[in-house]
Amino acid sequence: MSDTSPIIVWIRRDLRLSDHAALSEAAGSGRPVIPVFLHDEVVDRLGAAPKWRFGLGVGAFAEALAGIGARLTLRRGTALEGLRALVQETGAGAVWWQRAYDPASQERDRAVKAALKEDGVDARSFAGHLLFEPWTVETKQGDYYKVYTPFWRAVKDREVPAALPSVSELRAPQRWPESDALADWAMGAAMDRGADIVGRYVRVGEAAAQGRLGAFIANGIADYDEARDIPAEDGTSTLSEPLTYGEISPRVCWHAGMRARQDGKPGAEAWLKELVWREFAYHLLHHTPRLETGNWRPEWDAFPWNEDDRRAEVIAWTRGRTGVDFVDAAMREMYVTGRMHNRARMIVASYLTKHLMTHWKIGKAWFEDCLVDWDPASNALGWQWSAGSGPDATPYFRIFNPATQRRRFDPDRRYVRRWVAEGQGQPPRTALDYFAAVPRAWGLSPDDGYPAPVVGLDAGRKRALDAYERRDF
Ligand SMILES: Cc1cc2nc3c(=O)[nH]c(=O)nc-3n(C[C@H](O)[C@H](O)[C@H](O)COP(=O)(O)OP(=O)(O)OC[C@H]3O[C@@H](n4cnc5c(N)ncnc54)[C@H](O)[C@@H]3O)c2cc1C
């Protein structure tokens, strides 16, 4: 006799109805489907902005499910306890989910799968957060890739299956399980005054993500090659935010990029390559979980990084008060919007790890707290790449000069003026938003004078190079 028990679909970073393998397969089974989101040990550890933004995404996804007559059940507690309780309450015979690839999620998922199987539950994981499962891309020697370009060559012509259609119906269980109220979780509690401000800049949910992709393919991708380096331009897709919560799948993005390439849009190949940087980051994190926690090149453990995050220079960096206008504009952009332009991320990361000789882990942790597009793999790789301690990294002696970078990539100061209020008679709202978003305890006002540089650009560069030359590895 075929199994008619409900299937629990455990929703995580896959807040979408389209191209969702676990939901599609559950819908097609004809069995009742109970979508569940758990505020579990992994969600609990998220930084302030990503946790808040995740909460908005969960709310939007619950509405999307309601739109097809289903419900999202919310529970708080450890994943295994939460799922076991739901299996008991609903008589579910299966718990399905889409895979995650960061070490904390993988550890949780392995334990959950083993325990549920032991209980006799059909515990199953599906692909969907990546284009290529990290273990399926191998060098000729059977090793993982440590350098991006050969990784790109290995995957660029692979067949990527078409995206799955949107799920339009789920069979309801006889009785829906009790659910927590999302508001009671207060996922934005650590955002302080920032939530109201950042809330103006985020775009939440699957429909918004698809709209964003459509607009980028129609109007942005053709010029992507040139425009993507200019932080004042709207020259990139900004899809990192919905991608990290799975409001859109990488497969949908990939096929849209491929079609644009076939249509002869010049920037399409460069954009596809960026999607593959995301894959590469997960490939590395999967094979070398230390990417998140320690120097990927262990010899860097001997480098005299400064590890004190209470130093005045580091506090100035986090608060956008270093006196280096490009760096400060970028740090404020992140505080206000929850995002930072990629060129700016590279500059502030270089400045912190080189001019301020501060350990990349401190910068990584600040980003983890502030970015609404925080992604465990891309953030870790971005920091180690910038610091020189990572795979395929920029060499430590290549030190971005933020002043030269500003002249090159923000020649008319549009970006700096957008974010740095001091010294402007009538600062734009964006620049003033910063002062409305930061904690009052920081005591900042747009009427303050703009600070002198915390370290001279030449002096900081020399200090970093001297330390690098004195290293004994
Ligand atoms: C120090 C540092 C920290 C970073 N932290 C994050 C992070 O937490 N989350 C995050 O998503 N990206 C991170 N990045 C990578 C990159 O800056 C962002 O992915 C990019 O700015 C997102 O903007 P977009 O969506 O408009 O990208 P687009 O230029 O439109 O690119 C399309 C997609 O490709 C992927 N992508 C682009 N560049 C990279 C890259 N360098 N590495 C990995 N994937 C990439 C993203 O998924 C992006 O959405 C970091 C980079 C650095 C240098």
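Residues numbered from 1 in each chain as written. Predicted model: local features only at pLDDT ≥ 70, side-chain atom pairs only at ≥ 80, totals over all residues. Heavy atoms only, no water.

1. What to know about the packing of helix α6 (residues 148–155) against helix α13 (residues 268–287)
Then, in step 1: α13 packs onto α6 with a crossing angle of 105° between their chain directions and a minimal axis gap of 10 Å. The orientation of α6 with respect to α13, classified from their angle, is roughly perpendicular. Residues Tyr148, Phe151, Trp152 and Val155 of α6 touch α13, and the partners they reach there are Glu269, Leu272, Lys273, Val276, Trp277, Glu279, Phe280 and His283. (Axes fitted to C-alpha atoms, helices over the stretch in contact; angles between N-to-C directions. Helix = DSSP H or I, 4+ residues; strand = E, 2+ residues; numbered from the N terminus. Parallel < 35°, antiparallel > 145°, perpendicular 65-115°, else oblique. Contact = heavy atoms within 4.5 Å.)

2. Topic: the confidence of the model for the protein
Then, in step 1: Confidence along the protein averages 97 in pLDDT terms, with 100% of residues attaining 70 or more.
Then, in step 2: Per-element averaging of pLDDT across the protein places helix α8 (residues 194–198) at the bottom with 94 and strand β1 (residues 7–11) at the top with 99. (pLDDT = per-residue confidence, 0-100.)

3. Regarding the UniProt feature "binding site: FAD" (unreviewed entry) in the protein
Then, in step 1: Here the UniProt feature "binding site: FAD" (unreviewed entry) sits at Tyr224, Thr236, Ser237, Thr238, Leu239, Ser240, Trp271, Asp373, Trp374 and Asp375.
Then, in step 2: Checked against the element boundaries, Tyr224 lands in helix α10 (residues 224–227).
Then, in step 3: Of the residues examined, Tyr224 reaches a relative accessible area of 6% and is grouped as buried.
Then, in step 4: Beyond its immediate chain neighbours, meaning those up to four positions away, Tyr224 contacts Phe216, Gly235, Thr236, Gly267, Ala270, Trp271 and Glu274.
Then, in step 5: Checked against the element boundaries, Trp271 lands in helix α13.
Then, in step 6: For Trp271, a relative accessible area of 4% corresponds to the buried category.
Then, in step 7: Apart from the residues lying within four places of it in its own chain, the contact partners of Trp271 are Leu213, Phe216, Ile217, Ile221, Tyr224, Ser237, Leu239, Cys253 and Gly257. (UniProt positions renumbered as here; feature names shortened; annotations may be inferred. Buried < 20%, exposed > 50% of the residue type's maximum accessible area, 1.4 Å probe, protein only.)

4. A closer look at the UniProt feature "site: Electron transfer via tryptophanyl radical" (unreviewed entry) in the protein
Then, in step 1: Under the local residue numbering, the UniProt record ascribes the feature "site: Electron transfer via tryptophanyl radical" (unreviewed entry) to Trp305, Trp360 and Trp383. On the basis of their most widely separated C-alpha atoms, the annotated residues across 79 residues gather in one place, lying no more than 13.8 Å apart.
Then, in step 2: Structurally, the position occupied by Trp360 is in helix α17 (residues 360–370).
Then, in step 3: Ignoring sequence-local partners within four residues, the contact set of Trp360 consists of Leu291, Glu292, Thr293, Gly294, Asn295, Trp305, Thr353, Trp383, Gln384, Ala387 and Ser389.

5. Comments concerning the packing of aromatic side chains
Then, in step 1: By the definition in use, this model includes 33 aromatic pairs.
Then, in step 2: Ring centres of Tyr148 and Trp277 lie 4.3 Å apart, and the angle between their planes is 5°; on these two criteria the pair is classed as stacked. Taken together, the residues Tyr148 in helix α6 and Trp277 in helix α13 connect sequence positions 129 residues apart.
Then, in step 3: The class for Trp277 is partly exposed, based on a relative accessible area of 27%.
Then, in step 4: Note on Tyr434 and Phe435: the rings are 5.4 Å apart at their centroids and 80° apart in plane angle, and the pair reads as edge-to-face. Neither Tyr434 nor Phe435 differs from the other in exposure class; each is buried. (Phe/Tyr/Trp six-rings, centres within 6.5 Å; stacked < 30°, edge-to-face > 60°.)

6. A word on the pairing of strand β4 (residues 94–98)
Then, in step 1: Among the five residues in β4, five count as buried, and that is most of the element.
Then, in step 2: Relative to β4, β1 runs parallel, the two being bridged by four bridges. Bridging across to β4, Ile7 finds its partner in Ala94.
Then, in step 3: Two elements, β4 and strand β5 (residues 122–126), share five bridges in a ladder whose sense is parallel. Counterpart to Val95 in the pairing with β5 is Ala123.
Then, in step 4: In terms of handedness, the path from β4 via helix α5 (residues 103–118) over to β5 forms a crossover that is right-handed. (Pairing = 2+ DSSP bridges. Right-handed = clockwise from strand over helix to strand, strands pointing away.)

7. Let's talk about the domain arrangement of the protein
Then, in step 1: By domain assignment, the protein separates into domain 1 (1–128), domain 2 (130–160 + 195–287) and domain 3 (298–470).
Then, in step 2: Taken together, the 21 residues of domain 1 in the interface contact 26 residues of domain 2.
Then, in step 3: Both sides together, the interface formed by domain 1 and domain 2 hides about 1,900 Å², and carbon and sulfur atoms give 54% of it.
Then, in step 4: On the domain 1 side of the contact with domain 2, Trp52, Arg53 and Tyr101 bury the most area, a combined 37% of that side's loss.
Then, in step 5: The residue Asp19 makes a salt bridge to Arg251 at a minimum N-O spacing of 2.5 Å.
Then, in step 6: In this structure, the connection of domain 1 to domain 2 is made through 17 residue pairs in polar contact (both at pLDDT 80 or more).
Then, in step 7: The set of elements that each furnish at least two residues to the side of domain 1 that touches domain 2 consists of α3 (48–67) and α5.
Then, in step 8: Among the residues making up the side of domain 1 that touches domain 2, the classes are represented as 10 nonpolar, four polar and seven charged. (Domains from an automatic or database assignment. Buried area = accessible area lost by both parts, 1.4 Å probe. Salt bridge = Lys/Arg side-chain N within 4 Å of Asp/Glu carboxyl O. Polar contact = N/O pair within 3.5 Å; in protein donor to acceptor, adjacent residues only side chain to side chain. Nonpolar A, V, L, I, M, F, W, Y, C, P; charged D, E, K, R; others polar.)

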